[in-house]
Amino acid sequence: INLLNINGIKVIGVELGNELFAFDDRHGISYALNLFDTTDTSKLNTLISDISIMKTTINNLHPGIKISVPVAKSGNKKYNRWNEEMLKLNTDAVSYHCYIDFGKELTQLKQYGGNIKRFADTGKEVWVTEYNMQFNNSATNQVNFLSENHINMVHNVMPKMLESNGATLISSHSLWAN
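A brief report on the enclosed structure follows. (Residues numbered from 1 in each chain as written. Predicted model: local features only at pLDDT ≥ 70, side-chain atom pairs only at ≥ 80, totals over all residues. Heavy atoms only, no water.)

This part covers the overall build of the chain. Scanning the chain from terminus to terminus reveals seven helices and six strands. What you see in the chain, going N to C, is helices and strands ordered as α-β-α-α-β-α-β-α-β-α-α-β-β. Across the 178 residues that make up the chain, the buried fraction comes to 37%. Expressed as a percentage of contacts within the chain between residues at least 6 apart in sequence, the contacts between residues at least 24 apart total 71%. Per element, the accessible surface of the chain, about 10000 Å² overall, is 53% carbon and sulfur. (Helix = DSSP H or I, 4+ residues; strand = E, 2+ residues; numbered from the N terminus. Buried < 20%, exposed > 50% of the residue type's maximum accessible area, 1.4 Å probe, protein only. Contact = heavy atoms within 4.5 Å. Areas by Shrake-Rupley, 256 points an atom, 1.4 Å probe, with all protein chains shown as cover.)

Have a look at this one:
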């Protein structure tokens, strides 16, 4: 933060935490499973303590910088629990990523909009630090990724929908500066 400030980049927000896919059991990360274990909350409590320490340290060294923690889409029991815990923290904002699958644009836009509104209704700012169409290596997906519909969705529809539900679009992932 000091290096950025010295070089004329005023940091006004920091996103703390990790991508939530790291906490998804599909990737075989046993540590992550323990974060959501309702019988043993020690690892989750340690993470929450670490976040609180980082927030306090940043705020003491750089008063006025806003702090955000990542939240996830709703509907999954583990993600819902994660969101509950992150929303309890004394942070200024939550960070959210929105990726939409081809063919599911309207349904997923409504879902993301509803999630953003719920997060915003808690009184925290909602920072969308990443948004785009979901990309994979299928030939159809590659054609769609470069299509006029994709460009319209990413550059016109998604930003308006995200902002209309209370989100702020952030131009830089994990570190917000202007």
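Moving on, we come to helix α5 (residues 105-120). An ideal rise of 1.5 Å per residue puts 22 Å on 16 residues; α5 measures up with 22 Å between its terminal C-alpha atoms. What α5 keeps buried is the set Q108, L109, Y112, G113, N115, I116 and F119. Looking straight down α5, one finds its buried side chains confined to an arc of 165°; they lie on one side. Seen from the open side of α5, the exposed residues pointing more than 90 degrees away from its buried face are L106, T107 and K110. (Expected span 1.5 Å × (residues − 1). Arc of directions from axis to C-beta.)

A word on the pattern of salt bridges. The tally for this structure, following the rule as stated, stands at four salt bridges. Here E85 ties to K88 by a salt bridge, and the two come within 3.4 Å at their closest N and O atoms. A residue pair is termed a helical-turn pair when its members lie 3 or 4 positions apart in one helix, as E85 and K88 do in helix α4 (residues 77-88) at three residues. Of the residues examined, K88 reaches a relative accessible area of 61% and is grouped as exposed. (Salt bridge = Lys/Arg side-chain N within 4 Å of Asp/Glu carboxyl O.)

Enumeration over the complete set of coordinates arrives at two aromatic pairs. For the pair Y96 and Y112, a centre-to-centre distance of 5.6 Å together with 75° between the ring planes defines the contact as edge-to-face. Of the two residues, Y96 is situated in strand β3 (residues 93-100) and Y112 in helix α5; the sequence distance between them amounts to 16 residues. Neither residue differs from the other here; Y96 and Y112 are each classed as buried. For the pair Y96 and F119, a centre-to-centre distance of 5.4 Å together with 75° between the ring planes defines the contact as edge-to-face. Of the two residues, Y96 is situated in strand β3 and F119 in helix α5; the sequence distance between them amounts to 23 residues. By relative accessible area, Y96 is classed as buried at 1%. The buried category is assigned to F119, whose relative accessible area is 4%. (Phe/Tyr/Trp six-rings, centres within 6.5 Å; stacked < 30°, edge-to-face > 60°.)

All right, on to the environment of M153 then. Position of M153 among the secondary structure elements: in helix α7 (residues 148-164). In sequence terms M153 and E105 are 48 residues apart; their C-alpha atoms lie 8.4 Å from each other.

Here we come to the nonpolar core. M86, Y96, C98 and I116 are the most contacted members of the largest nonpolar core, which has 29 residues in total. Elements represented by at least two residues in this core include exactly β1 (11-15), α3 (42-61), β2 (66-70), α4, β3, α5, β4 (125-133) and α7. Here M86 is in contact with I48, I51, V69, P70, V71 and K124, once residues within four sequence places are set aside. (Core = buried A, V, L, I, M, F, W, Y, C linked by side-chain atoms within 4.5 Å.)

Take α4 next. Helix length check: α4, at 12 residues, gives a terminal C-alpha distance of 17 Å against a target of 16 Å (1.5 Å per residue), a fit within 8%. Those residues of α4 that sit buried are Y79, R81, W82, N83, E85 and M86.

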